[in-house]
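# Examining the three-dimensional arrangement
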Amino acid sequence: MPGAERDRAAEQLLASREPLMNAALGRLRGAPAAQVSPDGAEALARCRVDLGAHVDALAAALRAGGGEELGEHCAFAAVFLEALGVPRSALGAALDALSESIGEQLDPELSALAQDVLAAGRRRLCDSPLVTPAALAIIPAARPAPGEATSASEALQCSAARIAAMSVALSYVRRPGDALARGARRACCLEDARHHVAQLAAAVDLESPELFSAYADWVRTLLLGLGLDPAELVGHLGALGDVLAITLPEHLAEAPRRYLSAAVDRLTSAYVEPPSFVRPEAALGVFACGYLDALLQGDRRRALEVIREAIEASAPIKDIYIHILQPCQYEVGRLWQLHQLSTAEEHYCTAVTQMILSQLYPLVFNADRAGRRLVATAVDGNLHEIGARFVADFFEMEGWDTFYLGASTPAQAVIDEVVHRKADVLAVSAMLGEHLASVGDLVTAVRADDRCRNVVVLVGGQPFCVVHDLWRQLGADGSAPTAEGAVRAAEQLLAARGA
Ligand code: B12
């Protein structure tokens, strides 16, 4: 099939997109094209959108080579529609209606080309092993059904896998050329879509559109680092919104759809790459630059040397935490996000920082005892342990007896430890939106346990810096953006209680 002819067929197809959609829709309804009203019932509008997507996919397939590309589109459309309970035969009927309309409206030789490609794609619906029970198994039925859920966040969580699969299928159907939905990326894309839904559920639960917009912004940077087009993310979030509109009852779909639109607005605004966290002109900036450089060179001896030099230059130990180690950890995260550092390199840098923290302990454990006790932990599910460790060390430097539990500690284990250690304060650290539900559950469990009646609960970590009153919604007593602030908050809260 000559390429120029195929291109002409694609052009003519796109030029006749609207009349083709109307004619095919008319055929499907058994009515003449002239009687089709574009603003009919919701189902009609959806069917029309689908027909438009089929025309676009056919044009893209003609340009790209032929039936195989369209077969991909058909298979995905079938998965999507079957997830909605629409039989595969309905898709076949839509493609047949489109084919007949093409026969009527395109030049004869071009329409034959387009119809051949359409027929090859359509065959995929009959013989394809793609729309198998295994493919559909990625779309498990929701339990409880979304209609029975009492909140939008519960509805999102109970159908998360299904909603994610449908939104990926829909965005592929709509934008067949997207790298994100193709080949090896498709599995990642499904995984990403699950994250989008989980983050959306967390944000809706906390009534914080900002939490989801900040997440979307973070994903944009990640995609740019991978050389992918953020417009694809906009397409995905748009598809997610449309899936919610058809899978959730209207009153439950409203808030998440509003949050998605706000995120899309953010994503379509001008992009600013996150700036470096390590600057030579900042306090102890020269040491921070030297330390980061040593980490990136894989030279931990040198890294330790830089910290020794800072101590010899009389840098206070707390400043070494705040102005050297913390910004360097943030910078490592930024470089990882921009794809300039591998996961292994990030692990290496973090391991070096943990080694340095241990080396600093003789300087940490030398304050006069204050007679107060702190348990600090990363919440269940949070693998980031250094934030809680910083917090524990700052309390230790103020003479508190501290019990630092490390990463992801189950709620009951935390409570038992708080009781066992007779803690005055419990400090809980979260990092991702996904961790916030566990923070809420832990705070609720602490409150419900009579043995923890007098314990002050502080929560913190990066989501609490994005949305400042989150701690209140989660039932904690306070929060602070830094380890230093955590000590002040604890002291004020205890003083206010006369403790
Ligand atoms: C090291 C690291 C990891 C390590 C952690 C290992 C370890 N032993 O701790 C590992 C590899 C496990 C990891 C995993 C992941 N990570 Co990570 N990680 C980081 C990194 C580079 C450094 C974290 C750190 O050490 N920070 C230094 C400490 C001192 O800072 P902090 O935690 O903010 O704590 C301060 C304040 O927040 C506050 N604070 C903290 N806790 C508390 C508690 C209380 C009570 C109070 C008052 C205050 C307070 O005080 C602290 C000191 O001032 C960050 C980058 C970053 N910006 O932090 C990414 C980062 C947090 N990770 C990120 C991601 C995406 C992930 C993964 C999802 C990646 C993946 N796909 O697998 C997983 C999630 C794992 C999970 N379930 O938790 C993203 C999060 C993006 C987002 N906001 O959604 C970040 C920001 C990287 C990035 N720029 O993209 N990660």
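Residues numbered from 1 in each chain as written. Predicted model: local features only at pLDDT ≥ 70, side-chain atom pairs only at ≥ 80, totals over all residues. Heavy atoms only, no water.

In the vicinity of the ligand there are 37 residues, among which Trp218, Gln326, Tyr330, His384 and Ser429 approach most closely. The side chain of Gln326 places a nitrogen or oxygen atom 2.7 Å from an oxygen atom of the ligand. Taking His384, its side chain carries an N or O atom lying 2.8 Å from a nitrogen atom of the ligand. When residues of the shell around the ligand are traced back to their parent elements, those giving at least two are helix 16 (317-337), helix 17 (343-359), helix 19 (386-397), strand 3 (425-429), strand 4 (456-460) and helix 24 (483-496). (Near = heavy atom within 4 Å. Polar contact = N/O pair within 3.5 Å; in protein donor to acceptor, adjacent residues only side chain to side chain. Helix = DSSP H or I, 4+ residues; strand = E, 2+ residues; numbered from the N terminus.)

We now examine helix 1 (residues 3-15). With 13 residues, helix 1 should reach 18 Å at 1.5 Å per residue; the first-to-last C-alpha distance of 18 Å fits that figure. Looking at helix 1, one finds that the buried residues are Arg6, Ala9, Ala10 and Leu13. Along the long axis of helix 1, the arc covered by the buried residues comes to 100°, so they all point the same way. Pointing more than 90 degrees away from the buried face of helix 1 are the exposed residues Ala4 and Ala15. (Expected span 1.5 Å × (residues − 1). Buried < 20%, exposed > 50% of the residue type's maximum accessible area, 1.4 Å probe, protein only. Arc of directions from axis to C-beta.)

To continue, consider the nonpolar core. The biggest cluster of nonpolar side chains holds 65 residues, and the ones touching the most others in it are Leu156, Leu200, Leu237, Leu426, Val439, Val459 and Phe464. Excluding residues within four positions of it along the chain, Leu156 makes contact with Ile163, Val197, Leu200, Ala201, Val204, Leu244, Leu248 and Pro256. (Core = buried A, V, L, I, M, F, W, Y, C linked by side-chain atoms within 4.5 Å. Contact = heavy atoms within 4.5 Å.)

Here the focus is the coordination of the cobalt atom of the ligand. Of all protein atoms, His384 (NE2) alone acts as a donor to the cobalt atom of the ligand, lying 2.3 Å away. For His384, the position within the fold is in the loop between strand 1 (373-378) and helix 19. (Donors = N, O, S within 2.8 Å, 3.2 Å for Na, K, Ca; no water.)

Next up on the list: the confidence of the model for the chain. The predicted model of the chain has a mean per-residue pLDDT of 87, with 86% of residues at 70 or higher. A low-confidence stretch, residues 33-40 stays under pLDDT 50, and its non-local contacts, those more than four residues away or across chains, total nine contacts. Across residues 128-144, where pLDDT falls below 50, the model places 28 contacts with residues more than four positions away in sequence or in other chains. (pLDDT = per-residue confidence, 0-100.)

For the rest of this paragraph, the subject is the environment of Arg308. Along the chain, the position of Arg308 falls in helix 15 (residues 300-312). Considering only alpha carbons, one finds Arg308 and Ile356, 48 residues apart in sequence, at a separation of 10.0 Å.

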